[in-house]
There are 2 protein chains.
Amino acid sequence: MKAAVITIGDEILIGQIIDTNSSYISKALDKIGIATYEMLSISDDKTHILETFRKVQNNFDVVVITGGLGPTKDDITKKTFCDYFDDVLVQDESVLAHVKEIIEGFYKRPITQLNIEQALVPSKAKVLFNKMGTAPGMLMEHGNTVFVSLPGVPYEMKYLVDNELIPYLVEKFERPYIVHKTLMTYGRGESLIAEQIEDWETNLPSFIKLAYLPSPGKVRLRLTARGENEAILSESILKEVEKLEPLIGDIIVGYDEEETIEVIVGRALAKKELTLSAVESCTGGKIAELITSVSGASVYFQGGIVAYSNQVKIDLLKVNSETIKKFSVVSAEVAKEMALNCKTIFNTDFAIATTGNAGPTKGNSEAEIGTVFIAIATPGEVFVEEFNFGQPREKVIDRAVNKAFEMLYKEISKN
Amino acid sequence: MKAAVITIGDEILIGQIIDTNSSYISKALDKIGIATYEMLSISDDKTHILETFRKVQNNFDVVVITGGLGPTKDDITKKTFCDYFDDVLVQDESVLAHVKEIIEGFYKRPITQLNIEQALVPSKAKVLFNKMGTAPGMLMEHGNTVFVSLPGVPYEMKYLVDNELIPYLVEKFERPYIVHKTLMTYGRGESLIAEQIEDWETNLPSFIKLAYLPSPGKVRLRLTARGENEAILSESILKEVEKLEPLIGDIIVGYDEEETIEVIVGRALAKKELTLSAVESCTGGKIAELITSVSGASVYFQGGIVAYSNQVKIDLLKVNSETIKKFSVVSAEVAKEMALNCKTIFNTDFAIATTGNAGPTKGNSEAEIGTVFIAIATPGEVFVEEFNFGQPREKVIDRAVNKAFEMLYKEISKN
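Residues numbered from 1 in each chain as written. Chains lettered and ligands numbered in written order. Predicted model: local features only at pLDDT ≥ 70, side-chain atom pairs only at ≥ 80, totals over all residues. Heavy atoms only, no water.

## Thoughts on the overall build of chain A
The secondary structure content of chain A amounts to 16 helices and 17 strands. Taken over the C-alpha atoms alone, chain A extends approximately 75 × 60 × 40 Å along its principal axes. Here chain A holds 415 residues, and the buried ones make up 59% of them. Here the analysis covers contacts within chain A between residues at least 6 apart in sequence; of these, 67% occur between residues at least 24 apart. In the form shown here, chain A has an accessible surface area of approximately 16700 Å², with 50% of it arising from carbon and sulfur atoms. (Helix = DSSP H or I, 4+ residues; strand = E, 2+ residues; numbered from the N terminus. Buried < 20%, exposed > 50% of the residue type's maximum accessible area, 1.4 Å probe, protein only. Contact = heavy atoms within 4.5 Å. Areas by Shrake-Rupley, 256 points an atom, 1.4 Å probe, with all protein chains shown as cover.)

In structure tokens:
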């Protein structure tokens with residue numbers, strides 16, 4: 001079972017937007033044992049689309065296409081479908097009723113000609129009814145290939161993948177099994193990890209593949225097994241993971257493919273009935289944003305302060321102005337006071353504090369660009385560490401956020 | 001001038017990570033007049049890489065490849081380069097010295113065999129020296145195509161694109177001109193906009209193309225002109241933009257391709273010497289994070305509070321507990337009090353407040369999932385609006401953040 005995922009849209013080819021749809025689609029396909037062999041982004045140009053359709057025809061079992069289904073003139077996927085499959089557009093009554101309901105019922109404005117045209121679909125296509133928006137998806141079987149066209153708006157695409165595409169594919173195809181297991185590690189580089197697990201890696205069975213996925217401050221190790229027997233695949237992967245623990249157990253913080261550090265930290269806090277708050281200077285709210293991106297965070301997260309200016313640190317957070325004067329605002333002493341006062345103000349078990357200089361200019365501190373102090377206040381103590389995360393600004397903020405979660409996780413694990 | 005951008009890595013094909021590199025590369029190429037015709041993501045499998053190299057050979061002027069240059073066993077790009085170009089790996093002394101400096105000097109640990117192998121490069125390649133990491137880039141001219149291989153780590157890739165690849169291409173090729181202009185609009189759907197500007201769109205000159213880029217709450221309109229004379233292209237685009245203003249001037253908030261609403265708002269605040277603070281419940285710190293992602297935000301942004309629990313709203317933000325009891329925490333009254341108190345606490349000219357229920361469960365409020373109240377406190381007044389942003393959680397948060405910036409921008413414009 002081989003799939004291709006195609007994104008149509010000039011906005012991707014000129015780098016104006018990042019394609020996040022292909023990732024979602026391939027992950028959903030992967031879960032039901034369909035491997036994405038190739039992803040392609042092409043322009044919203046009829047010739048280019050037709051040329052690409054011909055290339056993938058009969059070389060792939062499934063071709064999922066997103067984009068170009070909107071109501072405006074640059075949206076040409078539907079017409080190109082008709083050209084390629086020798087078909088004509090016809091009005092779908094249930095789609096039309098749905099479009100009317102959205103425009104007239106929800107947006108409370110009269111329906112326009114462009115809105116009405118959203119209900120036109122190729123006559124041979126199976127219509128994928130889009131509850132989340134006005135553009136329906138379409139599915140067309142042709143030769144040995146199933147072509148599926150979905151709207152490019154992520155929420156609509158996701159809805160159609162989950163509720164229409166995947167159920168259809170599960171019904172239609174017999175599929176092999178793909179089992180993944182991902183280990184999250186924090187605080188060691190990939191080449192050092194590779195040396196520590198070299199023998200283990202060399203002895204992996206041939207149907208299991210290992211990948212290193214490094215990002216600032218963390219490395220994910222992904223094991224993938226492919227085969228006909230799901231139980232054997234799962235068991236084999238489990239056995240290999242167990243062998244890894246004596247080798248790098250100290251840096252493994254989580255196991256699930258889907259898991260991010262904010263999910264792992266959140267679960268640990270919830271399980272132990274502990275609470276958290278955060279005061280952020282250089283990370284500007286990103287720690288709070290990640291914590292609250294997890295549904296259910298209100299159980300353990302009380303809130304936070306973005307203490308961007310010195311005055312806020314002094315007035316709201318009650319950091320002693322003498323501490324700032326004596327040690328400067330980017331210092332271990334200020335970070336510690338921030339964490340301790342945050343913990344008191346929010347009445348939580350733990351508090352994170354960050355203060356640093358993310359650059360590109362020095363701002364109101366003498367600290368070198370890239371310098372960040374992170375403090376963690378725990379029920380009994382306060383820990384602070386100094387880092388230099390280099391440049392640019394975005395990297396400094398990302399690494400500081402990651403490091404803060406890593407330090408916090410270590411402390412929670414002890415409690 | 002045609003380019004292809006290729007990403008190598010199974011982690012992309014199974015949807016574990018999102019490819020952001022291709023977007024950065026194509027944007028950089030676009031700026032110097034090189035159009036990306038296709039983006040491809042393929043597996044880190046030698047056969048697949050070789051097959052792809054053969055497909056792009058002589059069909060593209062430039063092929064930029066990222067990924068597969070790390071120190072571990074799944075990194076096979078260098079060896080595949082040698083296979084394809086009939087070459088061998090040799091040690092590059094300056095790269096080796098640089099690797100030693102990073103590992104021994106910065107990380108303070110002994111260099112390993114895997115680190116040393118990072119300094120191996122194909123003998124015929126031009127080495128692109130990577131100041132940001134240990135893996136060098138490589139450039140190989142072959143037939144009518146320039147193949148460029150860059151590391152997949154975004155910071156390293158970006159450094160090499162800006163400092164090595166682009167200067168090389170500018171030197172080597174004569175290129176046509178591509179001029180873009182993007183208009184940001186807030187608060188109206190794409191089909192309504194399309195109808196309002198239909199005549200204008202129909203009469204665009206043939207060398208100018210229009211694209212609609214809708215996302216929650218906003219639509220960007222991108223004009224692209226291609227040709228040999230940059231001055232004529234720029235002038236023609238300007239003329240078309242001027243014609244647009246009488247049609248949709250009321251919803252246009254900005255003009256630059258690079259500009260985000262947080263940049264536009266920041267510039268407006270800085271120009272008028274006004275200050276801002278934010279108190280966030282359902283948006284959990286995302287507004288503050290976006291504001292502070294802009295370098296120089298400390299001039300106008302004082303700070304914010306993430307008031308996630310009711311207790312924080314009462315204790316720290318001094319929202320009257322009676323107001324919460326009477327109207328519920330997700331209400332216009334609470335939003336207004338939050339905004340006014342935030343403005344007072346941070347002593348700013350403006351304050352944003354959000355309170356809502358992002359779902360997926362109802363939490364501690366009776367409000368329907370998707371309900372969000374956004375309040376803007378201005379120097380003289382406070383405005384509040386109620387929205388229902390539907391589902392899922394991520395969409396509710398995104399739309400609330402966008403809407404808050406839109407409301408704020410309108411108020412700043414009046415001052």
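## Things to note about the UniProt feature "domain: MoaB/Mog" (unreviewed entry) in chain A
According to UniProt, the positions carrying the feature "domain: MoaB/Mog" (unreviewed entry) are residues 4–172 of chain A. What you have in residues 4–172 of chain A is 43% helix and 23% strand, and the ends, taken at the C-alpha atoms, are 17 Å apart. (UniProt positions renumbered as here; feature names shortened; annotations may be inferred.)

## Remarks on the sheet that holds strand β10 (residues 208–215) of chain A
All names here are of chain A. A sheet is described by the order of its strands in space; here 4 strands give the open sequence β10-β11-β9-β12, paired in antiparallel fashion. The open sheet terminates on both sides in strands that have one partner only, identified here as β10 and β12 (252–254). In this sheet, adjacent strand axes meet at a mean angle of 30 degrees when their direction is disregarded. With 2 bridges connecting them, strand β9 (residues 177–186) and β12 associate as antiparallel partners. Directly across from Thr185, in β12, lies its bridge partner Ile252. (Pairing = 2+ DSSP bridges. Axes fitted to C-alpha atoms, helices over the stretch in contact; angles between N-to-C directions.)

## Let's talk about the relation of the copies chain A and chain B
Expressed as a screw transformation, the operator carrying chain A onto chain B has a rotation angle of 180 degrees and an axial translation of 0.0 Å, and the superposed copies differ by an RMSD of 0.1 Å. These values place the two chain copies in the arrangement generated by a two-fold rotation axis. Both copies contact each other with a shared surface, as 100% of the interface residues of chain A are interface residues in chain B too. (Least-squares fit on C-alpha atoms with pLDDT ≥ 70 in both.)

## Describing the domain arrangement of chain A
By domain assignment, chain A separates into domain 1 (2–172), domain 2 (177–254) and domain 3 (261–414). Taken over C-alpha atoms, the centre of domain 1 of chain A sits 43 Å from the centre of domain 3 of chain A. (Domains from an automatic or database assignment.)

## Notes on the packing of aromatic side chains
In the structure shown here, the tally under the stated rule is 20 aromatic pairs over all chains. Relative to Phe60(A), the ring of Tyr37(A) lies with its centre 6.3 Å away and its plane at 50 degrees, an arrangement referred to as tilted. You can see Tyr37(A) sitting in strand β2 (residues 35–42) and its partner Phe60(A) sitting in the loop between α3 (46–56) and β3 (62–66), a full 23 residues away along the chain. You can call Phe60(A) buried: its relative accessible area is 9%. Residues Phe387(A) and Phe389(A) carry aromatic rings whose centres are separated by 5.1 Å and whose planes lie at 10 degrees to one another, so their mutual orientation is stacked. One exposure class covers both Phe387(A) and Phe389(A), and it is buried. An aromatic cluster is built from Phe53(A), Phe81(A), Tyr84(A), Phe85(A) and Phe147(A), whose rings are joined through pairwise contacts. Over the aromatic face of Phe173(A) sits the side chain of Lys172(A), whose NZ or CZ is 5.6 Å from the ring centroid. When the ring centre of Tyr37(B) is taken as reference, the NZ or CZ atom of Lys2(B) above it lies at 4.2 Å. (Phe/Tyr/Trp six-rings, centres within 6.5 Å; stacked < 30°, edge-to-face > 60°. Lys NZ or Arg CZ within 6 Å of the ring centre and 35° of its normal.)

## A closer look at the pairing of strand β8 (residues 145–150) of chain B
All names here are of chain B. With 6 of its 6 residues buried, β8 lies for the most part within the structure. Here β8 shows no split at all, with Thr145, Phe147 and Ser149 on one side and Val146, Val148 and Leu150 on the other all buried. Pairing analysis gives 5 bridges linking strand β3 (residues 62–66) to β8, with the strands arranged parallel. The partner of Ile65 across the bridge, within β8, is Ser149.

## Some thoughts on the packing of helix α3 (residues 46–56) of chain B against helix α4 (residues 77–85) of chain B
Residue and element names in this part refer to chain B. The contact between α3 and α4 brings their axes to 10 Å, and the two run at 50 degrees. Relative to α4, the element α3 is oriented oblique. Every pair of crossing elements has a handedness; the one defined by α3 and α4 is right-handed. From α3, Lys46, Ile49, Leu50, Phe53 and Arg54 reach across to α4, where they touch Thr80, Phe81, Asp83 and Tyr84. Classifying every residue of the contact of α3 with α4 by side-chain character gives 5 nonpolar, 1 polar and 3 charged. (Parallel < 35°, antiparallel > 145°, perpendicular 65-115°, else oblique. Left-handed = near helix turned anticlockwise from the far one by under 90°. Nonpolar A, V, L, I, M, F, W, Y, C, P; charged D, E, K, R; others polar.)

## What about the interface of chain A and chain B?
Each side of the interface is counted separately: chain A has 90 residues, and chain B has 90 residues. Looking at the side of chain A facing chain B, the largest losses of area belong to Ile14(A), Gln16(A) and Tyr155(A), adding up to 10% of the total buried there. For the interface between chain A and chain B, the tally reads 8 salt bridges. The shortest N-O distance in the salt bridge between Lys55(B) and Glu38(A) comes to 4.0 Å. Inspection of the region where chain A meets chain B yields 41 residue pairs in polar contact (both at pLDDT 80 or more). (Buried area = accessible area lost by both parts, 1.4 Å probe. Salt bridge = Lys/Arg side-chain N within 4 Å of Asp/Glu carboxyl O. Polar contact = N/O pair within 3.5 Å; in protein donor to acceptor, adjacent residues only side chain to side chain.)

## Topic: the sheet that holds strand β6 (residues 126–128) of chain A
Taken in spatial order, the 12 strands line up as β6(A)-β7(A)-β8(A)-β3(A)-β1(A)-β2(A)-β2(B)-β1(B)-β3(B)-β8(B)-β7(B)-β6(B) in an open sheet, and their pairing is mixed. Both edges of this open sheet fall to β6 of chain A together with β6 (126–128) of chain B, since each of them pairs with a single strand only. Averaged over all neighbouring strand pairs, the angle between strand axes comes to 20 degrees, with direction disregarded. Here 3 bridges tie β6(B) to strand β7 (residues 137–142) of chain B, and the two strands are oriented antiparallel to one another. Within β7(B), the residue paired with Val127(B) across the bridge is Met138(B).

## Brief notes about the state of the cysteines
According to the stated counting rule, one finds 0 disulfides over all chains in the structure shown. Cys342(A) carries a free sulfur, and the closest cysteine sulfur to it, the one in Cys282(A), is 14 Å from it. (Disulfide = S-S within 2.5 Å.)

## As for the pairing of strand β15 (residues 350–356) of chain B
Residue and element names in this part refer to chain B. Burial within β15 is extensive, with 7 of its 7 residues counted as buried. Because side chains alternate across β15, one face comprises the buried residues Phe350, Ile352, Thr354 and Gly356, and the other comprises Ala351, Ala353 and Thr355, equally buried. Inspection of the sheet shows strand β13 (residues 276–280) paired to β15 by 5 bridges, in the parallel sense. The residue bridging Ser277 from the neighbouring strand is Ala351, located in β15.

## Topic: the packing of helix α11 (residues 261–271) of chain B against helix α16 (residues 393–414) of chain B
Residue and element names in this part refer to chain B. It is at 10 Å that the axes of α11 and α16 come closest, and there the two elements cross at 25 degrees. With respect to α16, the element α11 is oriented roughly parallel. The crossing of α11 and α16 is left-handed. In this structure, α11 uses Ile261, Glu262, Ile264, Val265, Ala268 and Leu269 to contact α16, whose residues at the interface are Asn402, Phe405, Leu408, Tyr409 and Ile412.

## Some points on helix α7 (residues 154–172) of chain B
In a regular helix each residue adds 1.5 Å, so 19 residues correspond to 27 Å; α7(B) covers 25 Å between its end C-alpha atoms and thus fits that length. When α7(B) is considered as a whole, its buried residues turn out to be Tyr155(B), Glu156(B), Met157(B), Lys158(B), Tyr159(B), Leu160(B), Val161(B), Leu165(B), Ile166(B), Tyr168(B) and Leu169(B). (Expected span 1.5 Å × (residues − 1).)

## A short note on the environment of Ser149(B)
All names here are of chain B. For Ser149, the location among the structural elements is in strand β8. For the pair formed by Ser149 and Ile65, sequence separation is 84 residues and the distance between their alpha carbons is 4.7 Å. Each residue touching Ser149, except ones within four places of it in the same chain, is listed here: Ile65, Leu69, Thr77, Phe81, Gly137 and Met138.

## Some thoughts on the nonpolar core
In terms of nonpolar packing, the biggest core is built from 46 residues, with Val279(A), Ile305(A), Val279(B) and Ile305(B) touching the most fellow members. Elements with a contribution of two residues or more to this core: β14 (301–307), α15 (332–346), β15 (350–356) and β16 (371–377) of chain A together with β14 (301–307), α15 (332–346), β15 and β16 (371–377) of chain B. In this structure Ile305(B) touches Gly304(A), Ile305(A), Leu316(A), Ala278(B), Val279(B), Glu280(B), Val312(B), Leu316(B), Leu317(B) and Phe346(B), once residues within four positions along its chain are discounted. By size, the runner-up hydrophobic cluster in this structure holds 44 residues, among which are Met138(A), Ile49(B), Val56(B) and Leu69(B). (Core = buried A, V, L, I, M, F, W, Y, C linked by side-chain atoms within 4.5 Å.)

## Structural notes on α15(A)
Residue and element names in this part refer to chain A. End to end, α15 covers 21 Å across 15 residues, agreeing with the expected 21 Å (1.5 Å per residue, within 8%). The complete set of buried residues in α15 reads Ala332, Val334, Ala335, Met338, Ala339, Asn341, Cys342, Lys343 and Phe346. Asn347 sits one or two positions beyond α15 and adopts a positive phi of about 55 degrees.

## Overview of the side chain of Glu201(B)
With respect to the helices and strands, Glu201(B) occurs in helix α9 (residues 198–202). Assessed through its relative accessible area of 11%, Glu201(B) is described here as buried. Among residues more than four places away in sequence, those in contact with Glu201(B) are Lys73(A), Leu210(B) and Tyr212(B).

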